[in-house]
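Breakdown of the fold
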Amino acid sequence: VAEMKECSAEERDRGRRLALVPTMGAFHEGHLSLIAAAGQDSDLLVVSIFVNPTQFGPGEDYEAYPRDFEKDVQQAEELGVHVVYAPSVEEMYPQGYEMYVEADRTGHILCGRSRPGHFRGVLSVVLKLFTAVNPHKAYFGEKDYQQLLLIRRMVADFHLDVEVVGMPIVREPDGLAASSRNAYLSSEARQSALGLSRALFRARETVTGGERDAAALRRKIISWLEEDRRVVVDYVAVCHPETLEEVRRIGEEVVILLAAKVEGTRLIDNLRVAT
Ligand code: PAF
């Protein structure tokens with residue numbers, strides 16, 4: 001942490017612009033798009049790799065989470081990353097550690113309801129990464145839509161001097177949203193996982209076709225997802241894109257968010273839909 005802070009302070013003194021891409025490693029196309037965008041927009045490109053234990057609940061996949069540090073570092077180098085910041089768990093959470101960032105309402109709905117404590121862990125570690133790296137800009141993917149909104153909220157509420165940049169979801173050619181957890185999927189499960197993005201695209205067509213009743217749309221999406229017995233729906237929500245309040249009528253623009261387990265692997269996806 002001290003080394004990172006020193007490096008950041010020196011670079012800032014020289015007038016350099018710092019960009020941070022926070023990751024938990026096991027890079028996929030989504031990470032690469034964040035790194036590419038951040039690289040275009042900065043003099044010093046920092047990528048953090050830290051599998052953050054506090055954002056995983058008991059019984060979740062912290063131990064099993066895909067890790068390939070050597071490959072990530074090599075890829076980072078090839079992509080022109082200047083600094084890979086990879087603190088240890090012991091340094092991030094030493095004996096006696098007590099402080100967390102806790103969001104109100106938005107931290108406890110959707111993924112926050114299914115994964116109690118998840119956003120508390122995410123926001124706390126992101127604040128710690130911001131403190132150590134002190135970047136001008138930080139890049140996050142829109143696949144974790146709720147996370148992105150909460151990070152923006154934290155930056156606003158704590159008056160942090162960092163610009164949060166959200167980047168569009170990267171999808172495989174068949175529509176599957178890029179995710180480190182896709183590595184867990186068997187080929188059958190991967191086929192079933194395609195149902196998530198398909199349901200979102202079908203929902204968009206349904207809205208374009210005139211559907212304005214959010215509850216009816218939600219029921220349709222759930223029924224499409226449940227046509228596949230490998231898919232267990234956690235939630236489907238039709239929300240206001242800025243507040244994540246569930247809407248009754250589909251007005252100008254909504255974001256449809258969903259989470260489901262496919263043969264035990266929890267996947268999330270979302271799509272912004274305009275009328
Ligand atoms: O989106 C992620 O990979 C993580 O939640 C983040 C933002 C790196 C915090 O650990």
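The coordinates are above.
Residues numbered from 1 in each chain as written. Predicted model: local features only at pLDDT ≥ 70, side-chain atom pairs only at ≥ 80, totals over all residues. Heavy atoms only, no water.

Focus: the sheet that holds strand 3 (residues 83-85)
- Taken together, five strands build an open sheet; the order of strands is 3-2-1-4-5 and the sheet is parallel. Two strands bound the open sheet, and with one partner strand each, they are strand 3 and strand 5 (163-167). The average angle at which neighbouring strand axes cross in this sheet is 25°, direction not considered.
- Two elements, strand 1 (residues 18-23) and strand 4 (residues 137-141), share two bridges in a ladder whose sense is parallel. Of the residues in strand 4, the one forming a bridge with Ala 19 is Lys 137. (Pairing = 2+ DSSP bridges. Helix = DSSP H or I, 4+ residues; strand = E, 2+ residues; numbered from the N terminus. Axes fitted to C-alpha atoms, helices over the stretch in contact; angles between N-to-C directions.)

Considerations on the packing of helix 8 (residues 187-208) against helix 9 (residues 214-226)
- Closest axis-to-axis distance for the helix 8/helix 9 pair is 10 Å, and the angle between their directions is 145°. Between helix 8 and helix 9 the crossing geometry is right-handed. Across from Gly 195, Leu 196, Ala 199, Arg 202, Ala 203, Thr 206 and Val 207 in helix 8, the residues of helix 9 making contact are Leu 217, Lys 220, Ile 221, Trp 224 and Leu 225.
- Considered class by class, the residues forming the contact of helix 8 with helix 9 number eight nonpolar, two polar and two charged. (Left-handed = near helix turned anticlockwise from the far one by under 90°. Contact = heavy atoms within 4.5 Å. Nonpolar A, V, L, I, M, F, W, Y, C, P; charged D, E, K, R; others polar.)

Considering the pairing of strand 7 (residues 253-262)
- With eight of 10 residues buried, strand 7 lies mostly within the body of the structure.
- Pairing between strand 6 (residues 231-239) and strand 7: eight bridges, direction antiparallel. Directly across from Val 236, in strand 7, lies its bridge partner Leu 258.
- As paired strands, strand 7 and strand 8 (residues 265-274) are joined by 10 bridges and run antiparallel to one another. Along strand 8, the bridge assignment pairs Val 262 with Thr 265. (Buried < 20%, exposed > 50% of the residue type's maximum accessible area, 1.4 Å probe, protein only.)

Some words on the site of the ligand
- Every residue close to the ligand is listed here: Pro 22, Thr 23, Met 24, Asn 52, Gln 55, Val 125, Val 126, Phe 140, Asp 144 and Gln 147.
- Within the side chain of Gln 55, a nitrogen or oxygen atom sits 2.6 Å from an oxygen atom of the ligand.
- One of the side-chain N or O atoms of Gln 147 is found 2.8 Å from an oxygen atom in the ligand.
- Coverage of the ligand by the protein chains reaches 89% of its 290 Å² of free accessible surface.
- Grouping the constituent residues of the shell around the ligand by class yields five nonpolar, four polar and one charged. (Near = heavy atom within 4 Å. Polar contact = N/O pair within 3.5 Å; in protein donor to acceptor, adjacent residues only side chain to side chain. Areas by Shrake-Rupley, 256 points an atom, 1.4 Å probe, with all protein chains shown as cover.)

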